Amino acid sequence: MLTVIINAFHAMKNILPINNNQTSEIFLKIYDFLQQVKYAPQLSLKQRLKIAIEQLDHRTMETSVAVISELEAIAHNHPQYHWIIMDILTSFIRKNAPHTPQREVISSTSITVPKDIQAALSVIARRDVSKDAEHEQLDLSHVDIRGANLNQANLEQINLYQANLAGANLTQANLEGAILSAANLEKANLYSANLKGAILSASNLKQANLQKANLHRASLYLANLHGAILNDAILDGANFREVQFFE
């Protein structure tokens, strides 16, 4: 059944109407229908999940935020669907907030994360990690989430390879063992963040706030730390080989 659900999620992009006015009207009806579905007790859990996933790819803000809320409720109340829902949300972010080198030119601090992308990130950040699948890793590589609010987020072991997190709020975030190779963390706030064992090779940490951050055994090989704040940071065992401190 889960295979059918996932296939339905990816298939929706092929059946959207062409006319913009018709699309808007249909999306409004979808939103109204989704709200009815959310509170309809006669629908089974699998029906609720299938409908929610089908609507997520329509990419209207109201529908997406409502669907993400519905998916979080299902993941919270039904642990058997927890991991598949987290995987769906990371796929949603990768698809709708892709990082491209051309967008790097835009000022890092001038970007606002769309509400639905932030909503999906927030669900991932506060998930019950005890329900995560063993030997699996959430994939948020190659995403553009500049300025995202990930305060106290649990992102342990997550894949953020080449992610653009410039200006993001990662205060007290748990990034232990996370893959942040070639990630852009320029001006990110990592105050008191847990980066123990994180891989930050070739990452951009220019002017990042790493005050009181735990970098025990973190790999910063070839990282750019120009202007970074490292006051009271835990640096024992960290790899600072060929780190760039000055431009």
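In what follows, the accompanying structure is described. Just so we're clear, the structure is a prediction, and the values are computed from it rather than from any experiment.

A few words now on the nonpolar core. Residues Ile-85, Ile-93, Leu-175, Leu-180 and Leu-195 are the most contacted members of the largest nonpolar core, which totals 66 residues. Listing elements by their share of this core, those giving two or more residues are helix H3 (45-56), helix H4 (61-77), helix H5 (82-96) and helix H6 (115-125). The element best represented in this core is H5, accounting for eight residues.

Along the chain, Ser-203 turns up in the segment after H6. Placed 20 residues apart in sequence, Ser-203 and Ala-183 show a C-alpha to C-alpha distance of 4.8 Å.

So, on to the packing of H5 against H6. The contact between H5 and H6 brings their axes to 10 Å, and the two run at 145 degrees. Crossing geometry of H5 relative to H6 is assigned as left-handed. Contacts between H5 and H6 pair Met-86, Leu-89, Thr-90, Phe-92, Ile-93 and Asn-96 from the former with Asp-116, Ile-117, Ala-120, Leu-121, Val-123 and Ile-124 from the latter.

As a further point, take the environment of Ser-130. In this fold, Ser-130 is placed in the segment after H6. For Ser-130, a relative accessible area of 60% puts it in the exposed group. Sequence spacing of Ser-130 and Pro-79 is 51 residues, and the spatial spacing of their C-alpha atoms is 9.9 Å. Here Asp-128 takes part through its side chain, which lies 2.6 Å from a polar atom of the side chain of Ser-130.

For the rest of this paragraph, the subject is the layout of surface pockets. Over the atoms, a rolled probe matching the size of one water molecule traces out where space is still vacant. Taken as a whole, the largest pocket holds about 160 Å³ of empty space. Trp-83, Arg-127, Val-129, Asp-132, Ala-133, Glu-136, Gln-137, Leu-138, Glu-156, Gln-157 and Ile-158 are the residues that line the largest pocket.

Moving on to the packing of H3 against H4. Look at H3 against H4: their axes get within 9 Å of each other, and the N-to-C directions meet at 150 degrees. The handedness of the crossing between H3 and H4 is left-handed. Contact residues: Leu-45, Arg-48, Leu-49, Ala-52, Ile-53, Gln-55 and Leu-56 in H3; Thr-63, Ser-64, Val-67, Ile-68, Glu-70, Leu-71 and Ile-74 in H4. Here the contact of H3 with H4 is built from residues that sort into nine nonpolar, three polar and two charged.

Below, the discussion takes up the pattern of salt bridges. For the structure on display, the rule yields seven salt bridges. Glu-54 is the partner of Lys-50 in a salt bridge, and the nearest nitrogen-oxygen pair spans 2.3 Å. Of this pair, Lys-50 and Glu-54 are both found in helix H3, four residues apart, which corresponds to roughly one turn of the helix. The class for Glu-54 is buried, based on a relative accessible area of 16%. Across the pair Asp-132 and Arg-127 runs a salt bridge whose closest N-O atoms are separated by 3.0 Å.

Analysis parameters
Residues numbered from 1 in each chain as written. Predicted model: local features only at pLDDT ≥ 70, side-chain atom pairs only at ≥ 80, totals over all residues. Heavy atoms only, no water. Core = buried A, V, L, I, M, F, W, Y, C linked by side-chain atoms within 4.5 Å. Buried < 20%, exposed > 50% of the residue type's maximum accessible area, 1.4 Å probe, protein only. Helix = DSSP H or I, 4+ residues; strand = E, 2+ residues; numbered from the N terminus. Axes fitted to C-alpha atoms, helices over the stretch in contact; angles between N-to-C directions. Left-handed = near helix turned anticlockwise from the far one by under 90°. Contact = heavy atoms within 4.5 Å. Polar contact = N/O pair within 3.5 Å; in protein donor to acceptor, adjacent residues only side chain to side chain. 1 Å grid on protein atoms, 1.4 Å probe; cavity = no way out; pocket = protein on both sides within 12 Å on 5 of 7 lines; lining within 4 Å. Points joined across faces, edges and corners; volume = space filled by probe spheres on them. Nonpolar A, V, L, I, M, F, W, Y, C, P; charged D, E, K, R; others polar. Salt bridge = Lys/Arg side-chain N within 4 Å of Asp/Glu carboxyl O.

What is shown is where atoms sit, not what they do.
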